[in-house]
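Listed below are the residues making up each chain.
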Amino acid sequence: MGWGMFSQMQFETRITWEKLFIEIRGLQPEDCASLIPLMIGTNAVIAPKESYEAVFRQVHYLSFELYNKCEGKSENERWELLRSYFFEQKKFQVLSSQWPEVQEGDLLMKPVLEKNIGHPLPLTLLYLHLALATNLPVSLVQARQEYILKWVRPGCSSYLDMKTGLILSDCEIFQMLQKSSSNP
């Protein structure tokens, strides 16, 4: 997908519950990379007096900036550029995902984008959104209390631990998934 197609995805500034429900009902399992506009829209409905246009613009700018960095690069180069852009250049950090410790601002996109820190869920969804902007086939691995992304390519896969920002070896991913499945 080129930038032109991606830029056609417009963020609405006037959000209603009805619009959100229509969007949510139309989601497919592979649509998790497009949840950021819905998260921002939900925030706008919950707190209508706050302006979320700046949040939409910031996500759009991050996507555009990353797309430009990745233009003409191979998938391997885009995968590493996305990882380094997100964790090193923009310095996004994941907080503890223990629910008793989670604050409202750790889950909402506006504070997460202002502080570049938050719960793994919104940061993982933002990462997936940026992967979509760079045309990388990245998906969330279903694992309890783990936020692992999988980049699939012919013959092999790479895994990224969203909590650390590190690429996992096959042995590390196996151990994490085994630990996750044995935890209640």
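Before reading further, recall that the structure is shown in the block above.
Conventions and cut-offs
- Residues numbered from 1 in each chain as written.
- Predicted model: local features only at pLDDT ≥ 70, side-chain atom pairs only at ≥ 80, totals over all residues.
- Heavy atoms only, no water.
- Pairing = 2+ DSSP bridges.
- Helix = DSSP H or I, 4+ residues; strand = E, 2+ residues; numbered from the N terminus.
- Axes fitted to C-alpha atoms, helices over the stretch in contact; angles between N-to-C directions.
- Contact = heavy atoms within 4.5 Å.
- Parallel < 35°, antiparallel > 145°, perpendicular 65-115°, else oblique.
- Nonpolar A, V, L, I, M, F, W, Y, C, P; charged D, E, K, R; others polar.
- Expected span 1.5 Å × (residues − 1).
- Phe/Tyr/Trp six-rings, centres within 6.5 Å; stacked < 30°, edge-to-face > 60°.
- Buried < 20%, exposed > 50% of the residue type's maximum accessible area, 1.4 Å probe, protein only.
- Left-handed = near helix turned anticlockwise from the far one by under 90°.

Caption draft 1: Broad picture of the sheet that holds strand S5 (residues 156–161). A sheet is described by the order of its strands in space; here 4 strands give the open sequence S3-S4-S5-S6, paired in antiparallel fashion. With partners counted over all chains shown, the strands left at the sheet margins are strand S3 (138–141) and strand S6 (166–168), one partner each. Ignoring which end each strand starts from, the neighbouring axes of this sheet average 35° apart. In this sheet, S6 lies alongside S5 in antiparallel orientation, the contact comprising 3 bridges. Counted as the bridge partner of tyrosine 159 is leucine 168 from S6. Helix H5 (residues 75–89) rests against S3, strand S4 (148–153), S5 and S6 of the sheet, and its axis sits at about 160° to S4. Helix H8 (residues 170–182) rests against S3, S4, S5 and S6 of the sheet, and its axis sits at about 85° to S6.

Caption draft 2: Broad picture of the packing of helix H3 (residues 35–46) against helix H7 (residues 120–133). At a closest axis distance of 8 Å, the pairing of H3 and H7 adopts a crossing angle of 135°. Considering their axes alone, H3 and H7 lie oblique with respect to each other. Two secondary-structure elements touch here, H3 through Leu35, Ile36, Pro37 and Met39 and H7 through Pro122, Leu125, Leu126 and His129. Classifying every residue of the contact of H3 with H7 gives 7 nonpolar, 1 polar and no charged.

Caption draft 3: How the structure looks around the environment of lysine 110. Note that lysine 110 resides in helix H6 (residues 109–115). Separated by 52 residues in sequence, lysine 110 and glutamine 58 have C-alpha atoms that sit 9.5 Å apart. Each residue touching lysine 110, except ones within four places of it in the same chain, is listed here: Asn43, Glu50, Ser51, Tyr52 and Val55.

Caption draft 4: Expanded view of helix H4 (residues 53–70). Between its first and last C-alpha atoms H4 spans 26 Å; for 18 residues at 1.5 Å apiece the expected length is 26 Å, and the two agree. Phi turns positive one or two residues past the end of H4, at glycine 72, with a value near 80°.

Caption draft 5: The packing of aromatic side chains, seen in detail. Using the criterion set out here, one finds 5 aromatic pairs in the structure. Each ring, one from phenylalanine 86 and one from phenylalanine 92, has its centre 4.5 Å from the other, and the planes form 20°; the classification is stacked. Comparing phenylalanine 86 with phenylalanine 92 shows no difference in burial state: the two are buried. Here the aromatic rings of phenylalanine 86 and tyrosine 127 are separated by 5.0 Å at their centres, their planes lie at 80°, and the arrangement is edge-to-face.

Caption draft 6: Highlighting the packing of H5 against H7. In the contact formed by H5 and H7, the axes pass within 11 Å of each other and the chain directions differ by 140°. One finds that H5 runs oblique with respect to H7. Here H5 runs over H7; the crossing is right-handed. Taken together, the residues of H7 that come into contact with H5 (itself represented by Trp79, Leu82, Arg83, Tyr85, Phe86 and Phe87) are Leu123, Leu126, Tyr127, Leu130 and Ala131.

Caption draft 7: Expanded view of the pairing of S5. Looking at chain direction, S4 and S5 are connected through 6 bridges and run antiparallel. Considered in S5, the bridge of valine 152 is made with serine 157. Turn length for the S4-S5 hairpin, with the two strands adjacent in sequence and antiparallel, is 2 residues, and the turn residue glycine 155 shows positive phi of about 90°. With antiparallel pairing between neighbouring strands as the criterion, S5 and S6 make up a hairpin whose turn holds 4 residues, including glycine 165 at a positive phi of roughly 80°.

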